[in-house]
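Working through the structure, step by step
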Amino acid sequence: MATIIVRGKQVVCRITGPDSAEVVDDGAVVVRDGAIIEVGNYDDLLTRYQPDEVIGSSRYVVIPGLINAHHHVGLTPFQLGSLDMPLETWIIARWALREVDPYLDTLWCAIQMIESGITTVQHNHMAARLPPEMSLFEGASRIVDAYEDSGMRVAFSMSTRDQNQLVYDDDDKFLSTLPSQLADRTRERLDSRPITLEEYLASTAELHAQRSAQKTNIFVSPHNVHWCSDEMLTAMSDLARSLDTGLHIHLQETIYQRMYGTRHWDKTPLAHLEEIGMLGPEVSCAHGVWLSEPDLEILADTGTAICTNPSSNLRLKSGVAPVNRLLERGVNVALGIDEAGLNDDNDILQEMRMAQKIHREPGITSPHPTSHDIFRLATVNAARVTFFDEVGTIEPGKRADLVLIDMERIEEPYLHPDTDIVDALIYRGKGLDVDTVMVDGEVLLRGKKFLKMDKAEVTARLKESLARELTQREVRATRLSQDILPYINRWFSEWELESGDEHYSYNLR
C-alpha cells in the first residue's frame, strides 16, 4: 500500500471561525489508500513515514478540494448561442442552443472544474435536454460515466417538470393567446419529449440502485416549485426519502417566481413547500434570491440549505441573494457556479471572490462575509449539501481530496508576510494558480497536466462534434424561440412587480 505525502508551505486544514482557520506551516498530509492518515510538520512526517512519493513543495499551499454546489452543463449557453437575458426569456431563448453529446460535454465540464480546483460537483441535468433518442436512464448514465472517467465526485440529479413550461401559467391558456400556427409549432415542441412522472421516478430509482458509488451520489430533483404540480413535488419528495438521498430544487430565483407563489397560494413557494412537508436537512434549494423574512426562518427551522450562485444571478438579472441574512440565522449556505460564472468559465476561486464582494453591504458596521466564511461555503457547507461529509476538510479519517495552489503569481511581486493565507486565496486566487488536484488519493492533475484524461483529445472530439451543419431540429428550434419570444416578453411585461422591504441597501433615492 503506497504512502504519499502532499507538502505545502501551508496546509489549510479547516475553517474554525469567521476570521480563523487551522493552518499548518511547512505542513504536509499523509495519504494512504485514498484516506488522510495524518497532518503535521513536513520534516517530521517525512522521517516517520518514509513515503513512496512526495507531491508538492514549499512553493504551494494545500487546501481541501473545492465543491461546486450547483451546476448544469459544460459548454456555456453563451458558447452555444444564447446571450444573457432575464431568466424567463432566457429559458425560451435556450431552445436555440446547439445539441451537444452529453458525455463529451460533461468531460469538458469536468476538465474546466478540475483545472480550477473543484473536486466535487452537484450536477443537475434537465431531463428534457437529453437527446430524444436516449432513454432517461441511458442519458443520465452517460453523464455519470463522464464524471467517473474524470475521477471527480458528483452528486447527480435529473430535473423535470410537468406544468407552466412557457410562462408562469397554464400552457394551454398561454397557447390560446398565440397565432394558431405559432401555437401549433409550440405545442409540437412541448409534446416532442414527453416525460411522465412514472418514467422519471423509475429511471431515478434505477439510476440510484445501479450507479451510486463511493464518488457518486444520485439525487432527486423537481425543477422548481412553479414548474411542478403538487403531485410531482410530493412523489419526488417521497422517492428521495425512501432512497435516503438528497432532493435538489431551484427556488425563488427571480421576483416573478416569488410572485407566482403570492398569486397561487398567497404565500411564497418556499412556504408552500413547507406546507406540503417537503423541507428538511436532505433538501437543498438553488438560488433563493427572492426570500422573504419568514422564508429565512423556515429555512433555519427546517435545516433546509441554500446553494447561492452570485454570477448567474447577476448575468440573468435575477438579483442578489440575502446571504448575510441567511448566515446570521445559521442556514447552511453553499456556493455554486451554475454552469458559467462571471467570466463564462468554471473558475470557482473567482466565484468565491465574487460571492465575498457582492455581499459587502455599505456601512462601516454593516454585515459582510469574510474570506473564511466564503471558504466554508465552497468546502464544508457544500460537502453537506452534496452528501459527501467525508470531504471538505483536511484531517485524519477524511478522504484525500486535496488541491495544491501555486502561490507564485499570487505573491508576485510582493505580498505582505502577515497576510492571512485564506484572505490571499480569496482576494487574489484564480483557477490558473491550481497546479495539482487529488480526489480520493488519486492524482487527476499534476503540474497543470491531466493524468486520467487527454484534454487535447476531448477538446478535438468536442470541436469535431460541433463542426457539423445545424440539424433541421436545431434550425426549427431556433426559429421557434425567435418567433415566440416577443409573446413571452409581452406576457411578463404585464406583471406589476412586487415591492417591499429590502434585505440590502446599496443605493438610496
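Everything that follows concerns the structure shown earlier in this document.
Residues numbered from 1 in each chain as written. Predicted model: local features only at pLDDT ≥ 70, side-chain atom pairs only at ≥ 80, totals over all residues. Heavy atoms only, no water.

1. What about the overall build of the protein chain?
Assigned secondary structure in the protein chain consists of 20 helices and 17 strands. Its C-alpha atoms give the protein chain a radius of gyration of 23 Å, within 12% of the compact-globule value 23 Å for 509 residues. Expressed as lengths along the three principal axes of its C-alpha atoms, the size of the protein chain is roughly 80 × 55 × 45 Å. Counting the 509 residues in the protein chain, one finds 60% classified as buried. Look at the contacts in the protein chain between residues 6 or more apart in sequence, and 77% of them connect residues 24 or more apart. (Helix = DSSP H or I, 4+ residues; strand = E, 2+ residues; numbered from the N terminus. Rg over C-alpha atoms; globule rule 2.2 N^0.38 Å. Buried < 20%, exposed > 50% of the residue type's maximum accessible area, 1.4 Å probe, protein only. Contact = heavy atoms within 4.5 Å.)

2. Structural notes on unusual backbone geometry
In this chain, E412 is followed by P413 through a cis amide linkage whose omega measures -15°. If you trace the backbone, P413 turns up in the loop between α17 (408-411) and α18 (421-428). Even without a glycine there, the phi angle at D440 is positive, about 55°. Among the structural elements, D440 can be located in the loop between β15 (434-439) and β16 (442-446). The buried category is assigned to D440, whose relative accessible area is 15%. The backbone phi angle of K448 is positive, close to 65°, even though this residue is not glycine. Taking relative accessible area as the criterion, K448 reaches 39% and is therefore assigned partly exposed.

3. Focus: the environment of S20
Locating S20 in the fold gives a position in strand β2 (residues 20-32). Judged by relative accessible area, S20 falls into the partly exposed class, the value being 29%. Sequence-wise, S20 and D373 are 353 residues apart; in three dimensions their C-alpha atoms are separated by 9.5 Å. The residues contacting S20, other than those within four sequence positions of it, are I15 and H372. At 2.7 Å, the side chain of S20 and the side chain of T16 are in polar contact. (Polar contact = N/O pair within 3.5 Å; in protein donor to acceptor, adjacent residues only side chain to side chain.)

4. What about the pairing of strand β4 (residues 53-64)?
Sheet analysis places strand β1 (residues 3-17) next to β4, joined by seven bridges and oriented parallel. Each residue of the ladder has a partner; that of I5, found in β4, is V54. As paired elements, β4 and strand β14 (residues 402-406) share five bridges and run antiparallel to each other. In the strand pairing of β14, I63 is matched with V403. (Pairing = 2+ DSSP bridges.)

Purely spatial values, then, with no claim about function.
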